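Below, each chain spelled out in residue letters.
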Amino acid sequence: MYLGYEKTVCEGRIMMVQNLWNNEKASQLNKGLDELVYRSNLIGTDRAVCNWGGGNTSMKTIEKDFRGRDIEVMWVKGSGSDLATMKAHNFTGLKLEDVKPLIEREEMSDEEMVAYLSHCMIDSNHPRASIETLLHAFLPYKHVDHTHPDAIISICCADNGKQLAEEIYGNRFVWVPYIRPGFTLSKMIAEGVQNNPNAELVLMEKHGLVVWGDTAQESYDKTIAIINEAESYIHNKIEEEKVFGGEKYPALKEEEAEEILSQVMPVIRGAVSGEKQMLLTYDREEDVLQFVNSKDAKNLSQIGAACPDHLVHTKRQPLYIEWDPVTKNIASLKEKIKLGVENFKKEYTAYFERNKEAGDQISETAPRVILIPGIGMVNTGKTLAMAKVSGALYHRAISVMKGATTLGNFVSLNENESFKIEYWPLELYKLSLAPTEAEFSRKIAFVTGGAGGIGSETCRLFAEQGAHVVIADLNIEGAEKVALEINEKYGSNRALAVKMDVTKEEAVKEAYKKTALTFGGVDIIVNNAGLATSSPFDETSLQEWNLNLNVLGTGYFLVAREAFKQMKEQGLGGSMVFIGSKNSVYAGKNVTAYSSVKAMEAHLARCIAAEGGEFGIRVNTVLPDAVLQGSAIWGSKWREERAANYGIEPDQLEEHYRKRTTLLVNIFPKDIAEAICYFSSSKAEKTTGCMLTVDGGVPAAFTR
Ligand code: ZN
């Protein structure tokens, strides 16, 4: 998912938007759809030109229909795609001969429009055409770009917008008052352009820009040039120290802010999650800090969305937390957050009740944008990627408010206009295109020894079922490899690798801090990092004993204790799975140190289970045996030691272990991962303090 073009985002309005057209690249493209894709991607590349998911582009051309006849076709962006990353298959081809006569009508409902356009598609496999399709169809130009540029919306969201536009564009523009996109707005735009022979652009109040051209390049060039006319006009008027009424609070230092964030993000996650968990991200970019620390942020942030397109991802208002960062009082910040979220949910529910129409279903009531002075912005979403989308859109809102308040007063859609966009079936349709949620969607799983055989298999299985995963391992290269594999398969933002030595208290704390800062908290932990040694009892050195105790005992204790703290802070319950061993319940010869600590682990799990019950924290243990595949332990001296113990060659071990099971099977990492996922899942939500053997049946280790 592409969220932004660093340069313009960081430097805000100081930069003009850049013309990114590359003649050499463009000349290599096939004329037609490829050019439209190229132009669309360029427009989406700079988020100051068009926000994530917003805007749309089109091209009118001649194509052969299925019978080989020449027909006039309009290619227009399909619903649910993003200009920055869209490809040819994200466009819809419509037969213009069927679409054009619609302009003769007086009115047309959204439902009629969607149904009608579906009949005009030249290929039923194309996506549903954009909500704003008719706007493109009714303009008699070959190429049309509709964008949501910060500078243009700054004018369109200023109370004196039309007057400003006259100063900037003279008589070259058409102004259309705010109404929800659809048939009527499209017709208004077409008529406005027809009535003004000088028209080069359309400004849509509280919404955006429409520009056109005879060629793809002309349309793009004009879009950029027209935005820059507004950019330079605004730029000349901005006085940085006066922006948003000037500074009220200082920004905290990066380190201080991160320390506070790592403590409050689990609290925020608990507060916003309610019936469904959320993922969190935070943002401390310069423009965000300038806004949250300003005198006007509290009032300005509550006026409303800066563009209709933001609403489903940001909601109408963010939650602004009134907290003085100079005090650094974390306890008071936590209280304010809890209270703030509770009030937000109540007010959101009341807003829904005031505006709902038959059939409307309330969406999640928690804020998507939380502003904290001194600290920055925290965003929420059902995935980390969606939380980041909400953040990216709020950057646009800040930029628009900065421009609009420099030029006049910022105005937004009113409450009912906002509701009609937020609960518009056509807007909700875009959200419905997202993949369905799986067992571990919205969950964060933390796996120790995540680079190893059982660990990596577990991470893969969690990710496959929707989880965000933290792969903690001493072997950071191995952990990064697993993270990369998962992110490539399921989209970035799904896996995080952290280097962690389970025996070091500080390292474990640091890993959870990183987890909270990256995802917001933790729901599932798997205590899996391990080692094994083998010696006759009287030859077991103190060093060997301590090694087992440190990694398998102290390590499991530290990893579980820090998780317990974070889970309690969140108040969302949690699941811990300990990887024990057959030796947790079986007195193995020549493995005293290992077996004793493995028994201790199982009891540690039961003790935590007893204490965790009242917080909804479940703790269970999986007892594997002889999982040789992919395990670091079995590549070590342990294999030789065990083989010697049984009086066989090291390469005969697999067969030896298979034969000694009741089911005559070998055990693989995947088998253990399945048991871990079962214990972590909602299917086991009434099970805690339990042990599950996954060993093919070893009678000596049957639990009793
Ligand atoms: Zn739009």
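Residues numbered from 1 in each chain as written. Predicted model: local features only at pLDDT ≥ 70, side-chain atom pairs only at ≥ 80, totals over all residues. Heavy atoms only, no water.

## What to know about the overall build of the protein
Heads up, the rule is: Going along the chain from the N terminus, every DSSP run of H or I of four or more residues is numbered as a helix, and every run of E of two or more is numbered as a strand. A 1.4 Å probe rolled over the protein chains alone gives each residue an accessible area, and that area as a share of the maximum for its type sets the label: buried under 20%, exposed over 50%, partly exposed in between. In what follows, a contact means two residues having at least one pair of non-hydrogen atoms within 4.5 Å. What sets the accessible areas is the Shrake-Rupley method with a 1.4 Å probe; for residues, cover comes only from the shown protein chains. Under this rule, positive means Lys or Arg and negative means Asp or Glu; His and the chain ends count for nothing. A charged residue contributes its charge at one atom only: NZ of Lys, CZ of Arg, CG of Asp or CD of Glu.
Across its full length, the protein holds 27 helices and 18 strands. In terms of overall dimensions, the protein has C-alpha extents of about 100 × 70 × 50 Å along its principal axes. Counting over 704 residues, the protein shows a buried share of 56%. Once local pairs closer than 6 in sequence are excluded, the contacts in the protein between residues at least 24 apart make up 73%. If you sum the accessible surface of the protein, you get close to 29,100 Å²; carbon and sulfur atoms cover 51% of it. Distance from the positive charge centre (78 side chains) to the negative charge centre (96 side chains) of the protein: 3 Å.

## Concerning helix α15 (residues 330–355)
Turn by turn, an α-helix covers 3.6 residues, leaving residues three or four places apart pointing in a common direction. To keep things clear, this is the line we draw: Multiply 1.5 Å by the residue count of a helix minus one, and that product is the helix's expected span. Polar contact criterion, stated in full: a pair of N or O atoms within 3.5 Å, where within protein one must be able to donate a hydrogen and the other to accept it, and residues adjacent in sequence count only if both atoms are side-chain atoms.
The terminal C-alpha atoms of α15, which comprises 26 residues, lie 37 Å apart, in line with the 38 Å expected from a rise of 1.5 Å per residue. What α15 keeps buried is the set Ile 330, Leu 333, Lys 334, Ile 337, Gly 340, Val 341, Phe 344, Lys 345, Tyr 348, Tyr 351, Phe 352 and Asn 355. Contacts made by the buried residues of α15 are with α11 (254–273), β9 (319–320), β10 (369–372), α17 (415–422) and α22 (542–570). A side-chain oxygen of the first residue of α15 lies 3.2 Å from the backbone nitrogen of Ala 331; this N-cap is Asn 329.

## Points about the packing of helix α19 (residues 453–464) against helix α20 (residues 476–490)
Short version of the rule: Every axis in this analysis is a line fitted to C-alpha atoms, fitted for helices over the stretch in contact. Angles between the N-to-C directions lie between 0 and 180 degrees. Oblique is the label for every angle not falling under 35 degrees (roughly parallel), over 145 degrees (roughly antiparallel), or within 65 to 115 degrees (roughly perpendicular). Should the near helix be turned anticlockwise from the far one by less than a right angle, the crossing is left-handed, and should it be turned clockwise, the crossing is right-handed. Gly is put with the polar residues, along with every residue not named as nonpolar or charged; the nonpolar set is Ala, Val, Leu, Ile, Met, Phe, Trp, Tyr, Cys and Pro, and the charged set is Asp, Glu, Lys and Arg.
It is the contact of α19 with α20, at a shortest axis distance of 11 Å, that shows an interaxial angle of 20 degrees. The orientation of α19 relative to α20 falls into the category roughly parallel. Note on packing geometry: the crossing formed by α19 with α20 is right-handed. Where α19 approaches α20, its residues Ser 456, Cys 459, Arg 460, Ala 463 and Glu 464 are matched on the opposing element by Val 482, Glu 485, Ile 486 and Tyr 490. Each residue belonging to the contact of α19 with α20 can be placed in one class, and the counts come to 5 nonpolar, 1 polar and 3 charged.

## Quick word on the sheet that holds strand β2 (residues 70–77)
Short version of the rule: Being paired, for any two strands, means DSSP has found at least two bridges between them.
Taken together, the 7 strands give an open sheet; going across it, the order is β3-β2-β1-β4-β7-β6-β5, and neighbouring strands pair in mixed fashion. The sheet terminates laterally at β3 (91–95) and β5 (173–176), the two strands that pair on one side only. Adjacent strand axes in the sheet meet at a mean angle of 20 degrees when their direction is disregarded. Two strands pair when backbone bridges link them, and strand β1 (residues 56–64) and strand β4 (residues 143–147) are joined in this way by 4 bridges, in the antiparallel orientation. Each bridged residue has a counterpart across the sheet, and for Asn 56 the counterpart in β4 is His 146.

## A short note on the packing of α19 against helix α27 (residues 669–680)
Closest axis-to-axis distance for the α19/α27 pair is 8 Å, and the angle between their directions is 50 degrees. Between α19 and α27, the angle is such that the two are oblique. The hand of the α19/α27 crossing is right-handed. Residues Gly 453, Ile 454, Glu 457, Thr 458, Leu 461 and Phe 462 of α19 touch α27, and the partners they reach there are Pro 669, Lys 670, Ile 672, Ala 673, Glu 674, Ile 676, Cys 677 and Ser 680. Residues belonging to the contact of α19 with α27 are distributed by class as follows: 8 nonpolar, 3 polar and 3 charged.

## A look at the nonpolar core
Operational definition: Throughout this description, the term nonpolar core refers to a set of buried Ala, Val, Leu, Ile, Met, Phe, Trp, Tyr and Cys residues connected via side-chain atoms within 4.5 Å.
Formed by 79 residues in total, the largest nonpolar core has its most connected members in Phe 446, Phe 462 and Met 576. Ranked by residue count, the leading element in this core is α22, at 9 residues. By size, the runner-up hydrophobic cluster in this structure holds 68 residues, among which are Ala 48, Trp 75, Ala 158 and Phe 173.

## A short note on the coordination of the zinc ion
The condition is simple: Atoms of type N, O and S within 2.8 Å of a metal are treated as its donors, and for Na, K and Ca the window is 3.2 Å; water is not considered, so some sites may appear to be missing partners. In this scheme the shape depends on donor count and angles: four donors with every angle between 85 and 135 degrees give tetrahedral, four or six donors with opposite pairs above 155 degrees and others between 65 and 115 give square planar or octahedral in turn, and any other case is irregular.
Summarising the metal site, the zinc ion is bound by the protein donors Glu 132 (OE), His 146 (NE2), His 148 (NE2) and His 207 (NE2), whose distances to it range over 2.1 to 2.5 Å. Taken together, the 4 donor atoms surrounding the zinc ion define angles of 86 to 172 degrees at the centre, an arrangement classified as irregular. Going along the chain, you hit the donors of the zinc ion in the pattern E-x13-H-x1-H-x58-H. Of this pair, Glu 132 sits in the loop between α5 (110–120) and α6 (133–138) while His 148 sits in the loop between β4 and α7 (150–156); the two residues are 16 residues apart in sequence, bridging distant segments of the chain. Note on Glu 132: relative accessible area 9%, which makes it buried. Looking at His 148, the relative accessible area reads 1%, which means it is buried.

## A word on the pairing of strand β14 (residues 495–499)
Cut-off, in case you're wondering: Crossover handedness is defined here as right-handed if the route from the first strand over the helix to the second strand goes clockwise, with the strands pointing away from the viewer.
Of all 5 residues making up β14, 4 are buried, and the element is well covered by its neighbours. Summarising the sheet, strand β13 (residues 468–473) and β14 pair through 5 bridges and their orientation is parallel. Considered in β14, the bridge of Asp 473 is made with Lys 499. Each parallel crossover has a hand, and the one from β13 via α20 to β14 is right-handed.

## Points about the side chain of Ser 441
Position of Ser 441 among the secondary structure elements: in the loop between α18 (425–432) and β12 (444–448). On the basis of relative accessible area, Ser 441 is assigned to the buried category, the value being 15%. Side-chain polar atoms of Ser 441 contact the backbone nitrogen of Ala 438, separated by 2.7 Å.

## What about the packing of aromatic side chains?
The condition is simple: Two aromatic rings from Phe, Tyr or Trp, using only the six-membered ring of Trp, form a pair when their centres are within 6.5 Å; if the ring planes differ by under 30 degrees the pair is stacked, by over 60 it is edge-to-face, and anything between is tilted. Placement of a charge over a ring requires the Lys NZ or Arg CZ to be within 6 Å of the ring centre, with the centre-to-atom vector within 35 degrees of the ring normal.
What the rule picks out here adds up to 17 aromatic pairs. Here the guanidinium or amino end of Arg 128 rests over the ring plane of Tyr 429, the centre of that ring lying 3.5 Å away. The side chain of Lys 315 reaches across the aromatic face of Tyr 348, ending 3.9 Å from its centre.

## Looking at the pattern of salt bridges
Defined as follows: We count a salt bridge whenever a side-chain nitrogen from Lys or Arg sits within 4 Å of a carboxyl oxygen from Asp or Glu.
What the rule picks out here adds up to 41 salt bridges. The salt bridge involving Lys 328 is made with Glu 256; its shortest N-O contact spans 3.0 Å. Of the two residues, Lys 328 sits in the loop between β9 and α15 while Glu 256 sits in helix α11, which places them 72 residues apart along the sequence. A salt bridge links Glu 259 to Lys 513; the nearest nitrogen and oxygen atoms lie 3.0 Å apart. Residue Glu 259 is found in helix α11, and its partner Lys 513 is found in helix α21 (residues 505–519); the two are separated by 254 residues along the sequence. Several salt bridges share partner residues, and in doing so they unite Glu 505, Arg 561, Glu 562 and Lys 565 into one network.

## Observations concerning the confidence of the model for the protein
Applicable threshold: pLDDT measures how confident the predictor is about each residue, on a scale from 0 to 100.
Per-residue confidence for the protein averages 94 on the pLDDT scale, and 97% of its residues sit at or above 70. This stretch, residues 5–14, has a pLDDT under 50; its non-local contacts, to residues over four places away or in other chains, come to 29 contacts.

## Section: the pairing of strand β15 (residues 524–527)
Burial of β15 is two-sided: the residues Ile 524 and Val 526 facing one way and the residues Ile 525 and Asn 527 facing the other way are all buried. Examined bridge by bridge, β12 and β15 share 3 bridges and lie parallel to one another. Across the sheet, the residue bridging to Phe 446 is Ile 525, located in β15. Bridge count for β15 against strand β16 (residues 574–579) is 4 bridges, and the pairing is parallel.

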